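Listed below, chain by chain, are the residues.
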Amino acid sequence: QAQLVESGGGLVQVGGSLRLSCAASLRTFSRYAMGWFRQAPGKERELVAGTNSGGNAYYADSVKGRFTVSRDNAEKTLYLQMNRLEPDDTAVYYCAAGRLLTFRAHDYDFWGQGTQVTVSS
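Quick caveat, the model's predicted, so the values are computed rather than measured.

(A) Just the pattern of salt bridges, in detail. Applying the stated criterion to the full structure yields 4 salt bridges. Linking Glu46 and Arg38 is a salt bridge whose minimum nitrogen-to-oxygen distance equals 3.0 Å. Residue class for Glu46 comes out partly exposed when judged on its relative accessible area of 27%. Two residues, Arg66 and Asp89, come together in a salt bridge whose shortest N-O distance is 2.8 Å. Of this pair, Arg66 sits in the loop between strand 6 (57–59) and strand 7 (67–72) while Asp89 sits in the loop between strand 8 (77–82) and strand 9 (91–98); the two residues are 23 residues apart in sequence, bridging distant segments of the chain. The same class applies to Arg66 and to Asp89, which are both buried. Three or more residues joined by partner-sharing salt bridges are found here, namely Arg38, Glu46, Arg66, Glu86 and Asp89.

Here it is as structure tokens:
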């Protein structure tokens with residue numbers, strides 16, 4: 001059975017950094033598009049960063065230059081390095097796996113449990 005397990009969330013001050021990890025028990029991990037979504041109260045779930053099976057990366061405008069998404073296919077792990085964090089980054093962060101890298105959460109087949117990121121001033 002497929003399972004995505006996230007770690008690395010927590011409480012951090014403005015300007016700080018966190019690194020999120022997602023360990024995926026997917027036999028064909030390298031063939032999946034992988035994305036990081038976030039959802040804050042009262043806001044839609046949005047794709048903040050992702051990578052397709054060819055290694056091409058996408059970043060939302062709000063995080064460009066601050067976040068870096070990467071994947072280790074040998075370890076079947078997805079990462080999100082978050083630098084210069086801002087209060088608007090506060091949200092529950094989810095990793096997701098799907099056939100294609102898209103902006104729509106409903107297109108993805110597997111999801112992690114979510115990890116809380118809180119940025120305080």
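(B) Representation of empty space enclosed by the protein. Summed over the entire model, instances satisfying the criterion amount to 1 cavity of 30 Å³ or more. Of the voids in this model, the largest cavity is the one considered here, and its volume is about 50 Å³. Taken together, the residues that form the lining of the largest cavity break down as 2 nonpolar, 1 polar and 5 charged.

(C) Highlighting the environment of Gly54. Inspection of the secondary structure puts Gly54 in the loop between strand 5 (46–51) and strand 6. For the pair Gly54 and Leu78, spaced 24 residues apart in sequence, the C-alpha separation works out to 14 Å.

(D) Spatial organisation of unusual backbone geometry. Positive phi, close to 55°, is recorded for Lys76, a residue that is not glycine. By the secondary structure assignment, Lys76 is in the loop between strand 7 and strand 8. Owing to a relative accessible area of 28%, Lys76 belongs among the partly exposed residues under this scheme. Backbone geometry places Arg84, a non-glycine residue, at a positive phi of 50°.

(E) Region of interest: the sheet that holds strand 7. Read from one edge of the open sheet, 4 strands run 1-3-8-7, paired in antiparallel fashion. Edge strands, defined here as strands with exactly one partner in the open sheet, are strand 1 (4–7) and strand 7. Shown here is a sheet whose adjacent strand axes are inclined to one another by a mean of 15°, direction ignored. Sheet analysis places strand 7 next to strand 8, joined by 6 bridges and oriented antiparallel. Paired with Thr68 across the two strands is Gln81, which belongs to strand 8.

(F) Representation of the state of the cysteines in the model. What the rule picks out here adds up to 1 disulfide. Residue Cys22 pairs covalently with Cys95 via a disulfide, S to S 2.1 Å. Looking down the S-S bond of the Cys22 and Cys95 bridge, the torsion is 55°, so its handedness is right-handed. Of this pair, Cys22 sits in strand 3 (residues 18–24) while Cys95 is found in strand 9, placing the two residues 73 residues apart along the sequence. Of the two residues examined, Cys22 and Cys95, each falls in the buried class.

Conventions we followed
Residues numbered from 1 in each chain as written. Predicted model: local features only at pLDDT ≥ 70, side-chain atom pairs only at ≥ 80, totals over all residues. Heavy atoms only, no water. Salt bridge = Lys/Arg side-chain N within 4 Å of Asp/Glu carboxyl O. Buried < 20%, exposed > 50% of the residue type's maximum accessible area, 1.4 Å probe, protein only. Helix = DSSP H or I, 4+ residues; strand = E, 2+ residues; numbered from the N terminus. 1 Å grid on protein atoms, 1.4 Å probe; cavity = no way out; pocket = protein on both sides within 12 Å on 5 of 7 lines; lining within 4 Å. Points joined across faces, edges and corners; volume = space filled by probe spheres on them. Nonpolar A, V, L, I, M, F, W, Y, C, P; charged D, E, K, R; others polar. Pairing = 2+ DSSP bridges. Axes fitted to C-alpha atoms, helices over the stretch in contact; angles between N-to-C directions. Disulfide = S-S within 2.5 Å.

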